[in-house]
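# Observations on chain architecture
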Amino acid sequence: MPINIRRATIDDIICMQNANLHNLPENYMMKYYLYHILSWPEASFVATTTSNVFDEEDLKDEEGEQQQEEDDHLVINDPITGREIKLDPTYVNPGEKLVGYVLVKMNDDPEQQDQPPNGHITSLSVMRTYRRMGIAENLMRQALFALRELHDAEYVSLHVRQSNRAALHLYRDTLEFEVLRIEKGYYQDGEDAYAMKKVLDLKELAIANFVHRKKANDIGEKPEDDLKSDLLEELIQGGLDDVVV
Ligand SMILES: CC(C)(COP(=O)(O)OP(=O)(O)OC[C@H]1O[C@@H](n2cnc3c(N)ncnc32)[C@H](O)[C@@H]1OP(=O)(O)O)[C@@H](O)C(=O)NCCC(=O)NCCS
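Figured I'd write up the structure that's included with this text. Because the structure is a prediction, the values reported are computed rather than measured.

On to the nonpolar core. Counting 43 residues, the largest nonpolar core has Met16, Tyr101, Val102, Leu139, Ala143 and Leu147 as the members making the most contacts within it. Counting residues per element, this core draws most heavily on helix H3 (residues 135-151), which supplies 8 residues. Not counting chain neighbours up to four residues away, the residues in contact with Leu147 comprise Ala43, Val104, Gly119, Ala153, Val156 and Leu200.

Next comes the structure, spelled out in structure tokens:
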């Protein structure tokens with residue numbers, strides 16, 4: 001099934017927020033997405049497909065229950081007629097469905113102005129049905145290249161839950177981020193985070209080198225899938241206040 005990776009635009013943010021709500025416990029107000037896209041329009045990316053398949057898995061909630069279709073629609077009023085219009089937040093355009101995104105910013109913390117320019121990965125997720133196809137890796141590589149090439153970012157940082165093994169594999173083993181430190185109780189539910197960083201080297205990030213690496217990897221063995229269940233499912237089952245770290 002063909003997947004298209006392209007820059008995120010303002011027209012995508014309802015779908016990005018929808019994907020975020022389905023996949024992660026860290027959620028943001030719409031204005032925060034807007035802030036990213038308006039401030040650094042080249043840095044965030046989305047993955048879409050024009051396949052019209054209705055993926056029931058993607059519409060399951062955190063407890064695996066099928067959501068009412070109604071729940072997945074936003075209702076807005078047409079500014080001219082005043083009539084109610086239902087928006088399906090899965091589709092960015094008729095027939096174009098969002099299956100993943102990476103939300104990225106430059107570090108604009110006034111207290112860190114003494115640092116060289118550096119980027120930050122705010123959020124990344126891929127809808128369940130589309131995982132283990134290389135979408136997150138591709139989204140990340142595009143974003144890292146854009147940060148280095150267009151914003152002169154010398155390095156990029158991110159946080160990841162200690163229990164999130166899939167993401168940890170992606171960042172540490174595939175994308176070669178280094179673990180800087182553990183930040184105790186970083187998340188709202190008390191879970192610790194790995195603070196990670198990657199120095200951005202334009203040569204290494206060039207698409208040609210990435211393709212080369214992929215081919216070399218295809219010959220070798222794939223790491224075993226060690227994510228026993230979905231991140232959100234794990235958190236919900238354990239009770240959000242009672243996450244084992
Ligand atoms: C983490 C996540 C973004 C990975 O997306 P994805 O598109 O499936 O990842 P990719 O297919 O690009 O995987 C790239 C590499 O990451 C690692 N990886 C990804 N998922 C993995 C899993 N379940 N178990 C072990 N390694 C995994 C592998 O090294 C993989 O390379 P390989 O397929 O060649 O072995 C996705 O599982 C997700 O959306 N999870 C919920 C949200 C989330 O945790 N976001 C990150 C917050 S910091």
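On to the packing of helix H1 (residues 13-23) against helix H2 (residues 30-39). Geometrically, a packed helix pair is captured by the angle between its two axes and the distance between the axes. Direction vectors running N to C along H1 and H2 enclose 125°, while the axes themselves pass 10 Å from each other. Classified by the angle their axes make, H1 and H2 are oblique. Between H1 and H2 the crossing geometry is right-handed. Between H1, through Ile13, Met16 and Gln17, and H2, the contact on the second element is made entirely by Met30, Tyr33, Leu34 and Ile37. The class makeup of the residues in the contact of H1 with H2 is 6 nonpolar, 1 polar and no charged.

To continue, consider H1. Across the 11 residues of H1, 9 count as buried, placing the element largely inside the fold. All of the buried residues in H1 are Ile13, Cys15, Met16, Gln17, Asn18, Ala19, Asn20, His22 and Asn23.

About the cut-offs
- Residues numbered from 1 in each chain as written.
- Predicted model: local features only at pLDDT ≥ 70, side-chain atom pairs only at ≥ 80, totals over all residues.
- Core = buried A, V, L, I, M, F, W, Y, C linked by C-beta atoms within 7 Å.
- Buried ≥ 20, exposed ≤ 12 C-beta atoms within 10 Å, placed from the backbone.
- Helix = DSSP H or I, 4+ residues; strand = E, 2+ residues; numbered from the N terminus.
- Contact = placed C-beta atoms within 7 Å.
- Axes fitted to C-alpha atoms, helices over the stretch in contact; angles between N-to-C directions.
- Parallel < 35°, antiparallel > 145°, perpendicular 65-115°, else oblique.
- Left-handed = near helix turned anticlockwise from the far one by under 90°.
- Nonpolar A, V, L, I, M, F, W, Y, C, P; charged D, E, K, R; others polar.

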